[in-house]
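The lines below spell out each chain.
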Amino acid sequence: MENGPLQVLTFPTAPYPDQRPGTSGLRKKVYVFQSKRNYLHNFIQSIFSSIDLPDRQGATLVVGGDGRFFNRPAIGVIVQMAAANGIGRLIIGRHGMMSTPAVSCVIRKYKAIGGIILTASHNPGGPNGDFGIKFNTASGGPAKEEVTSKIYQLSRTIEEFAICPGLHLDLKTLGKQAFDLENKFKPFTVEIVDPVESYANLLRNIFDFAALKELLSGKNHIRIRLDAMHGVLGPYVKRILCEELGCPANSAINCVPLEDFGGQPPDPNLMYATDLVDSMRDGQYDFGAAFDGDGDRNMILGKHGFFVTPSDSVAVVADNIFCIPYFQHTGVRGFARSMPTSTALDRVAKATKIELHETPTGWRFFGNLMDAGMLSLCGEESFGTGGDHIREKDGLWAVLAWLSIIATRRQSVEDILREHWLKYGRNYFTRGCGLSSLMAPESSTDWVGQVPREPPLGSTLTAMKGNSYLKRRR
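Predicted model, so just to flag it, every value in this text is computed and none were measured.

### Some remarks on the pattern of salt bridges
Here's step 1: The full count for this structure, using the stated rule, is 23 salt bridges.
Here's step 2: Where Asp-278 meets Arg-281, a salt bridge forms, and the shortest distance between an N and an O atom there is 3.6 Å.
Here's step 3: Between Arg-337 and Glu-358 there is a salt bridge; the shortest N-O distance is 3.0 Å. One end of the pair, Arg-337, is in strand S15 (residues 335–338); the other, Glu-358, is in strand S16 (residues 356–359), and 21 residues separate them in sequence.
Here's step 4: On the basis of relative accessible area, Glu-358 is assigned to the partly exposed category, the value being 39%.
Here's step 5: Counted as one network, the salt bridges with shared partners bring together Asp-194, Glu-197, Arg-204, Arg-239 and Glu-244.

### Observations regarding helix H7 (residues 197–204)
Here's step 1: Along H7, the positions that sit buried rather than exposed are Ser-198, Tyr-199, Ala-200 and Leu-203.
Here's step 2: In the core, the buried residues of H7 are packed alongside helix H5 (100–109), helix H8 (209–217), helix H9 (234–244) and helix H15 (395–409).

### Remarks on the confidence of the model for the chain
Here's step 1: Predicted confidence across the chain gives a mean pLDDT of 90, with 90% of residues reaching 70 or more.
Here's step 2: Segment residues 433–474: pLDDT under 50, and 77 contacts once partners within four positions in sequence are set aside and those in other chains are kept.

### Some words on the sheet that holds S16
Here's step 1: Strand order across the open sheet formed by 4 strands is S16-S15-S17-S18, with mixed pairing between neighbours. The open sheet has two free edges, formed respectively by S16 and strand S18 (384–387), since each of these has just one partner strand. In this sheet, neighbouring strand axes are inclined to one another by 15° on average, regardless of whether the strands run parallel or antiparallel.
Here's step 2: Across the sheet, helix H13 (residues 344–352) touches S15 and S16, and the angle it forms with S15 is around 160°.

### Here's the deal with the sheet that holds strand S13 (residues 298–302)
Here's step 1: If you walk across this open sheet you meet the 5 strands as S11-S10-S12-S13-S14, and the pairing is mixed. Two strands bound the open sheet, and with one partner strand each, they are strand S11 (252–253) and strand S14 (307–308).
Here's step 2: Summarising the sheet, strand S10 (residues 224–227) and strand S12 (residues 287–291) pair through 4 bridges and their orientation is parallel. Residue pairing in the sheet places Arg-225 in a bridge with Gly-288 of S12.

### Observations regarding the packing of helix H2 (residues 39–49) against helix H6 (residues 145–157)
Here's step 1: Running from N to C, H2 and H6 cross one another at 125°; their axes reach a closest spacing of 8 Å. The pairing of H2 with H6 is recorded here as oblique in orientation. By crossing handedness, the relation of H2 to H6 is classed as right-handed. Where H2 approaches H6, its residues Phe-43, Ser-46, Ile-47 and Ser-49 are matched on the opposing element by Ile-151, Leu-154 and Ser-155.
Here's step 2: Looking at the contact of H2 with H6 residue by residue, the classes come out as 4 nonpolar, 3 polar and no charged.

### Points about the nonpolar core
Here's step 1: Leu-241, Phe-287, Trp-397 and Leu-403 are the most contacted members of the largest nonpolar core, which totals 75 residues.
Here's step 2: Among the elements that make up this core, the one with the highest residue count is H15 (10 residues).
Here's step 3: Ignoring sequence-local partners within four residues, the contact set of Leu-403 consists of Leu-212, Leu-215, Leu-216, Ile-222, Ile-224, Leu-241 and Phe-287.
Here's step 4: Formed by 46 residues, the second largest nonpolar core is a distinct cluster that contains Leu-26, Phe-43, Ala-74 and Ile-151.

### Here we look at the packing of aromatic side chains
We describe a pair of aromatic rings using the distance from one ring centre to the other and the angle between the two ring planes.
Here's step 1: Under the criterion given, the structure shown has 14 aromatic pairs.
Here's step 2: Both rings, one in Phe-307 and one in Phe-383, keep their centres 6.4 Å apart while their planes meet at 35°; by these two values the pair is tilted. One end of the pair, Phe-307, is in strand S14; the other, Phe-383, is in the loop between strand S17 (377–380) and S18, and 76 residues separate them in sequence. Each of the two residues, Phe-307 as well as Phe-383, counts as buried.
Here's step 3: Taken together through their ring pairs, the aromatic side chains of Tyr-16, Phe-33, Tyr-39, Phe-70 and Phe-131 make up a single cluster.

### Points about the pairing of strand S3 (residues 60–65)
Here's step 1: Across the 6 residues that make up S3, a large majority, 6, are buried.
Here's step 2: Every second residue of S3 is oriented toward a common face, with Thr-60, Val-62 and Gly-64 on one face and Leu-61, Val-63 and Gly-65 on the other, all of them buried.
Here's step 3: In this sheet, strand S4 (residues 89–97) lies alongside S3 in parallel orientation, the contact comprising 5 bridges. In the strand pairing of S4, Gly-65 is matched with Met-97.
Here's step 4: The parallel pair S3 and S4, bridged by helix H4 (residues 71–84), forms a crossover whose chirality is right-handed.

### Regarding unusual backbone geometry
Here's step 1: You will see that Ser-121, though not glycine, has its phi angle at about 55°, which is positive.
Here's step 2: With respect to the helices, strands and loops of the structure, Ser-121 is situated in the loop between strand S5 (114–118) and strand S6 (130–137).

### What about the side chain of Asn-136?
Here's step 1: Tracing the sequence through the fold places Asn-136 in strand S6.
Here's step 2: Within the structure, the side chain of Asn-136 is placed 2.8 Å from the side chain of Glu-392, a separation counted as a polar contact.
Here's step 3: Not counting residues within four places of it along the chain, the set of residues in contact with Asn-136 comprises Ile-107, Gly-114, Gly-115, Ile-117, Gly-141, Pro-142, Ala-143 and Glu-392.

Calculation notes
Residue numbers here run from 1 along each chain, matching the order of that chain's written sequence. Whole-chain, interface and lining totals are the exception, using all residues; otherwise, since this is a predicted model, local features are given only for residues with pLDDT of at least 70 and side-chain atom pairs are given and counted only at 80 or more. Neither water nor hydrogens contribute to the side-chain values; these are computed over all heavy atoms in the structure. What counts as a salt bridge is simple: a side-chain nitrogen of Lys or Arg found within 4 Å of a carboxyl oxygen of Asp or Glu. Helix and strand definitions here come from DSSP, where helices need a minimum of 4 consecutive H or I residues and strands a minimum of 2 consecutive E residues; each element is numbered from the N-terminal end. A simple rule labels every residue: compare its accessible area, found with a 1.4 Å probe on the protein chains alone, to the largest value its type can have, and call it buried under 20%, exposed over 50%, or partly exposed in between. In what follows, a contact means two residues having at least one pair of non-hydrogen atoms within 4.5 Å. Summary of the metric used: pLDDT quantifies the predictor's per-residue confidence within the range 0 to 100. Pairing between strands is defined by DSSP: at least two bridges between the two strands are required. Here an axis means a line fitted to C-alpha atoms, over the contact stretch when the element is a helix, while the angle between two N-to-C directions is reported on a 0 to 180 degree scale. Any angle between 65 and 115 degrees counts as roughly perpendicular, while under 35 counts as roughly parallel, over 145 as roughly antiparallel, and the rest as oblique. Take the far helix as the reference: if the near one is turned anticlockwise from it by less than a right angle, the crossing is left-handed, and if turned clockwise, right-handed. Gly is put with the polar residues, along with every residue not named as nonpolar or charged; the nonpolar set is Ala, Val, Leu, Ile, Met, Phe, Trp, Tyr, Cys and Pro, and the charged set is Asp, Glu, Lys and Arg. Definition used in this section: a nonpolar core is a set of buried Ala, Val, Leu, Ile, Met, Phe, Trp, Tyr and Cys residues joined via side-chain atoms within 4.5 Å. The pairing test for Phe, Tyr and Trp rings, Trp by its six-membered ring, is centres within 6.5 Å, and the orientation test on the planes gives stacked under 30 degrees, edge-to-face over 60, and tilted for anything in between. A crossover counts as right-handed when, viewed with the strands pointing away from the observer, the path leading from the first strand over the helix to the second turns clockwise. Two N or O atoms count as a polar contact when they lie within 3.5 Å, although within protein this holds only if one can serve as hydrogen donor and the other as acceptor, and sequence-adjacent residues are included solely when both atoms are side-chain atoms.

This is the structure:
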C-alpha cells in the first residue's frame, strides 16, 4: 500500500472524429496514439463511460496485450484511469501480456465486467507498426455493436477524462498490489497473474492430456514444429506443449515475444510463417503450426509442408469432434462459419445432421450463437477456429484439437485430409481482389469450372451464393 491516498484528477480534452471501433476494436498506427494529445486517454475514458457507473463501481476488469510496441505505456494509462473511474480490481497478465484467448478465459473465470485487450492481431508491430485496443464484455467475447456504437458516440462528445496520475504499478511481480485513493472507501487493487495457468487449466479440462503426451513424447511419438512468430503465445507453447506434454524444447521456435515480432507481421500464413514452412519441407516433422501475435489465429501444416486451409481445418475438426473429450460430455449444439468461408463445413453438418449457421465476418456473431446455446464449433477463412469454451477464436485450442484427432486416428495430416475429401468432396477457396478481371460477373459457377484438379500449394477456391466473393485481408 502506498503512503497516503492518491489524487484522482479530471483533465479537459477535445474529441477526435475517428475513434469508431471495428469488430476487432480500434486499430491505428502507433504514431497516432503517441502524437495526438490524449488520443489514448479519450478512447479509454469512452470505454469506461460506456459502462453505467453502478455497474463499474468496485467491479473486476481484465487487462492484457500481445506485447507489441506501446503495450506497457498504454497499460500504465489504463490502470490509472481504471482507478479513477471506480473499477475496484484489475487482473493483469505478468509484464502486461496475456493472449486474447486467455483474456476471454480469465474474464469468464473471475466473472469480470469485461476486459481490455491491447493488440492489432496479425498486423505489424514496432514503432512504425500498428496498435489496437479492444473491449470484451462479461461473456468474454468482443463487445456487441450496440456497445461499440455507444463507445464511439461518447468519443465524439468527450470533454474530460479522469485519471490517477500518481499511481504506478509493478507489472513484473506476481501477486496483489493495493492503492488508497482520495474519497474512496475501499483500496483499488491490482492482481498480477501468471498469464498461462488459468488458460492451461481450461485446456486440461477439454483435452485428454495423457493421450496427447503419449502422442508427443511416448514410444511412437510424432515430431512437431510450432512457430509462435515472436507473439504472446510463445510462453504458452513452451509451458503446455514442451514442459507439460513433453515435446522437445527445439520443437518450438520464435517463442520469445518481441515488440516488433522480429520485423515480420505475426501472420500465420504461407507468406509470413516462412521459418515454419522452410523447416517442414524436408519431412523431418509430422505436424506443424504457426500462431499470430495475440494467439487467436493458427495455420496447420502436415509433413513436407502439406497445407491445410482454414476452411478445411474447421471441417475436419467438426467431422472428428468426438475425438475431443469436452464434446463427448457436452454434446454438439451446432456448427458455424463466416460467410466468406468455404462450404466444407456445411457438408459435414449435413452428413451429421448438426445445425449449420452462416454469419457475417466478426467473432462476436459466433459469440451471440454460443450465448444462445446454439453453437459448439466455428471457424473462418482468416485462420480462426474455436469452440464454445471461450468467446474468442483460439489458436492453441485448434492445434490441440488436431493433435487429438491424430492421436485417435493414428494417421498423418495429409491422410486425414485426403480421406476427408474422398468422403465429402473438396472445396476450393481463394483470397484476392480484382474479381472483374478474373471472370464475367454473371455467376461464380463459370469460374469454378475453370479450376484445375490440383491447384498450387496454398490455393483454394469456393463458390458463394450469387456472384463470387473474393476478399483481400488487410
